Amino acid sequence: MLAKPKSDYDITLTIRSEVEQISLLCEALHALCLYASGSAECAFAVQQAAAEAINNVVEHAYHNQPDNEIVVGWYQEERQIHIDILDTGLSMVRLPKPILPDFEAESSRGWWIINASVDKYFYQTICDTFAGPVLHPGGIGTDFKVLENIPHTNILTLLKRF
Amino acid sequence: MVINEQKHDDIDIVILSGRFVMADAPEVRERLKTLVEAGQGKLLVNMESVTFIDSSACAVLISAFKAMQLKTGRLVLVNSPIVQSLIELTRLHTVFEIMPNAEAAIAALAAG
């Protein structure tokens, strides 16, 4: 059960937490952003950031379990695109800094790509009775082990101006 | 993602087409691993027709590169503009050997 109402968004997209669904969702976001901005560069950047972010949800929030839901809420406010990526999986205690790892590291490039692709991003976990702090890159929040058995929503927000 | 394999003398060539993302990573990783292990140390990964790439693809390419280094072989990439863009964003262009097209890549590998 998501704690943020879908009516907050102009458009809401929902997929199952399966890797095969990610590209479809990101192509849809690309189309939306291209329509809104008229900029292929803006649309591609959002698609790139969203792909990395949703990969993280599937892999880390949901541990590659396919029977979950990922919701993406989209709206445009003047010349800014606002995207929320919502999940009900494992919450992040900290939002990693966008640091490029050493070449030998095969993983951990996602946040670097996200940071380079959008103007701003932040993260928050909310439930019916509690809202965690808004985490910016490098920020540390509350230990959310207490939320493991409580319905909650994790929200990663991506902002892109055009 | 469509994966085609070719051979040019002692050079193994993998041609990837379409999206190269997390869903495709396991299969490509396995194919490249097999080619690195069984090949003669010359591998061209042609991504001229790759239309989208994410960091999972970078991980697969790094894995293949490291495996090839252990064999003192060479891994050469040919990239579409979109692939090249992400490779440069993640500064992997400072490590990977990248050629402008397949012909140049084959010539470079053939020259040893």
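Fair warning: this is a prediction, and the values are worked out from it, not measured in the lab. (Residues numbered from 1 in each chain as written. Chains lettered and ligands numbered in written order. Predicted model: local features only at pLDDT ≥ 70, side-chain atom pairs only at ≥ 80, totals over all residues.)

(A) Seen up close, the interface of chain A and chain B. Taken together, the 17 residues of chain A in the interface contact 16 residues of chain B. Mapped by element, the contributors of at least two residues to the side of chain A that touches chain B are α1 (19-37), α2 (40-61) and α3 (110-117) of chain A. Class assignment of the residues belonging to the side of chain A that touches chain B gives a composition of eight nonpolar, four polar and five charged. (Contact = placed C-beta atoms within 7 Å. Helix = DSSP H or I, 4+ residues; strand = E, 2+ residues; numbered from the N terminus. Nonpolar A, V, L, I, M, F, W, Y, C, P; charged D, E, K, R; others polar.)

(B) Seen up close, the packing of α1 of chain A against α2 of chain A. Residues and elements named next belong to chain A. As a packed pair, α1 and α2 sit with axes 8 Å apart at the nearest point and diverge in direction by 150°. Our classification of the angle between α1 and α2 gives roughly antiparallel. Between α1 and α2 the crossing geometry is right-handed. Side by side, α1 and α2 meet where V19, I22, L25, C26, L29, H30, C33, L34 and S37 of the first sit next to A40, C42, A43, F44, V46, Q47, A50, A51, I54, N55 and V58 of the second. (Axes fitted to C-alpha atoms, helices over the stretch in contact; angles between N-to-C directions. Parallel < 35°, antiparallel > 145°, perpendicular 65-115°, else oblique. Left-handed = near helix turned anticlockwise from the far one by under 90°.)

(C) Examining the sheet that holds strand β4 (residues 74-79) of chain B more closely. Residues and elements named next belong to chain B. Pairing in this open sheet of five strands is mixed, and the strands run β1-β2-β3-β4-β5 from one edge to the other. The open sheet terminates on both sides in strands that have one partner only, identified here as β1 (2-8) and β5 (97-99). Across this sheet, the average inter-strand angle for adjacent strands is 25°, counted without regard to direction. Of the strand pairs in this sheet, strand β3 (residues 42-53) and β4 are connected by six bridges, and their pairing is parallel. Bridge pairing links K42 to R74 in β4. Taken strand by strand, helix α1 (residues 25-38) contacts β1, β2 (11-20) and β3, and its axis lies near 175° from that of β2. Relative to the sheet, helix α3 (residues 81-89) contacts β3 and β4, its axis offset from that of β3 by approximately 100°. (Pairing = 2+ DSSP bridges.)

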